[in-house]
Amino acid sequence: MLAAFHAQIRLNDKDAEATNIVERDGPVHRNYPENPAKPGAMIESPEGLGDDPDRWISRQRDFFAGRGQAVEWKTYGYDEPADLGARLSAHGFVADDVEALILGELTALADQPVVIPEGVRLRATTAEDLPGVMALFEAVWPGTSWVTESHFEELAAVPELMHGCLVEREADGLVLTASWVRLTEGTDFAGLWGGSTRPEWRRRALYRASVAYRARLALDRGYRLARVDASPNSRPILTRLGLHQVSTTTPYRLTT
């Protein structure tokens, strides 16, 4: 599964936002919004950095500094050189939290029986849900409103590939859990993103219900494999459901 993920997703720049500029600079894969003020610029080096890694790292630092654009270099635990993280740090990139790269069969998730508490309901996300979903993510992950806005923009732009679901309290519509599934066209993979639950509502099967919902949706559309960049909260749930941690991923951020 890791080999399939590497070949289908990473080598073909399938994680790039649909509206981003996608280009190669030697062994470096980068994609970024044309507007330097807009977040979402990304770098990867899935084929390694050759005999002079520092040259390619400094070129990316200088390129994005010249644009005045913040960027994230997304590293995976198996990337070369083995000391890539230390080299990025030496060039001014700052490491963020490590996440687990989780892969597995969608059927393992879709077949899970899930019962959610009375008084809540699970449904598809619509454009009108932006304020409620944004309030949830700001409560759980402060400062990430641009990510939520980006997901809603994607939902509007490519509704055949981007789908959201949420769990809300029936009494007042308070969003308790929200998540997304991105169907990666031309691959076997459906990416499960953004699954977050209000702390006081955790351990009540809301996240598991959203995982099963998204897995069934992806299976119905012909996808076979799930991909998740999992936080420490999500990782044990997903591995108990039959998925596998195959590596880690660490973002290194450069601000201007």
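Above: the structure in question.
Residues numbered from 1 in each chain as written. Predicted model: local features only at pLDDT ≥ 70, side-chain atom pairs only at ≥ 80, totals over all residues. Heavy atoms only, no water.

Visitor: Sorry if this is basic, but what is going on with the environment of isoleucine 9 here?
Guide: Its place among the elements puts isoleucine 9 in helix H1 (residues 2-10). Sequence-distant contacts of isoleucine 9, that is, excluding residues within four places in its chain, are made with Ala4, Lys14, Asp15, Thr184, Thr187, Phe189 and Arg227. (Helix = DSSP H or I, 4+ residues; strand = E, 2+ residues; numbered from the N terminus. Contact = heavy atoms within 4.5 Å.)

Visitor: Got a minute to help me understand the pattern of salt bridges in this structure?
Guide: Counted by the stated rule, this structure contains 23 salt bridges. In this structure, arginine 253 and glutamate 72 form a salt bridge, with 2.7 Å as the shortest nitrogen-oxygen distance. Separated by 181 residues along the polypeptide, arginine 253 in strand S12 (residues 244-254) and glutamate 72 in strand S4 (residues 71-76) bring together distant segments of the chain. One salt-bridge network, held together by shared partners, links Asp15, Lys74, Arg227 and Asp229. (Salt bridge = Lys/Arg side-chain N within 4 Å of Asp/Glu carboxyl O.)

Visitor: I keep staring at the packing of aromatic side chains and nothing clicks. Help me out?
Guide: With the rule as written, the count across this model stands at eight aromatic pairs. Relative to phenylalanine 189, the ring of phenylalanine 5 has its centre 5.9 Å away and its plane inclined at 80 degrees; by these criteria the two rings are edge-to-face. Of the two residues, phenylalanine 5 sits in helix H1 while phenylalanine 189 sits in strand S10 (residues 189-197), which places them 184 residues apart along the sequence. Each ring, one from phenylalanine 63 and one from phenylalanine 64, has its centre 5.0 Å from the other, and the planes form 90 degrees; the classification is edge-to-face. Here phenylalanine 63 falls in the partly exposed class, since its relative accessible area comes to 24%. The exposure class of phenylalanine 64 is buried, given its relative accessible area of 0%. Each residue in the set Phe5, Tyr76, Tyr78 and Phe189 is aromatic and connected to the rest through ring pairs, giving one cluster. Of note, arginine 55 hangs over the ring of tryptophan 56, and the distance from its end group to the ring centre comes to 4.3 Å. (Phe/Tyr/Trp six-rings, centres within 6.5 Å; stacked < 30°, edge-to-face > 60°. Buried < 20%, exposed > 50% of the residue type's maximum accessible area, 1.4 Å probe, protein only. Lys NZ or Arg CZ within 6 Å of the ring centre and 35° of its normal.)

Visitor: For this particular structure, what's the right way to read the nonpolar core?
Guide: Nonpolar side chains in soluble globular proteins tend to be buried together. Counting 35 residues, the largest nonpolar core has Leu109, Leu183 and Leu238 as the members making the most contacts within it. Leucine 183 has contacts with Glu160, Leu161, His163, Phe189, Ala190, Leu217, Ala218, Arg221 and Tyr223, leaving out every residue within four places of it along the chain. Ile43, Trp56, Val71 and Leu84 belong to the second largest nonpolar core, which has 15 residues in total. (Core = buried A, V, L, I, M, F, W, Y, C linked by side-chain atoms within 4.5 Å.)

Visitor: What should I look at first to understand the pairing of S12 in this one?
Guide: It is a general feature of regular strands that their side chains alternate between the two faces of the sheet. The sheet contact formed by S4 and S12 spans six bridges and is antiparallel. Residue pairing in the sheet places tryptophan 73 in a bridge with tyrosine 252 of S12. With two bridges connecting them, strand S5 (residues 94-95) and S12 associate as antiparallel partners. In the strand pairing of S12, alanine 95 is matched with tyrosine 252. The sheet contact formed by strand S6 (residues 99-105) and S12 spans five bridges and is antiparallel. Bridge pairing in S12 links alanine 100 to threonine 248. (Pairing = 2+ DSSP bridges.)

Keep in mind these numbers describe shape, not what the thing actually does.
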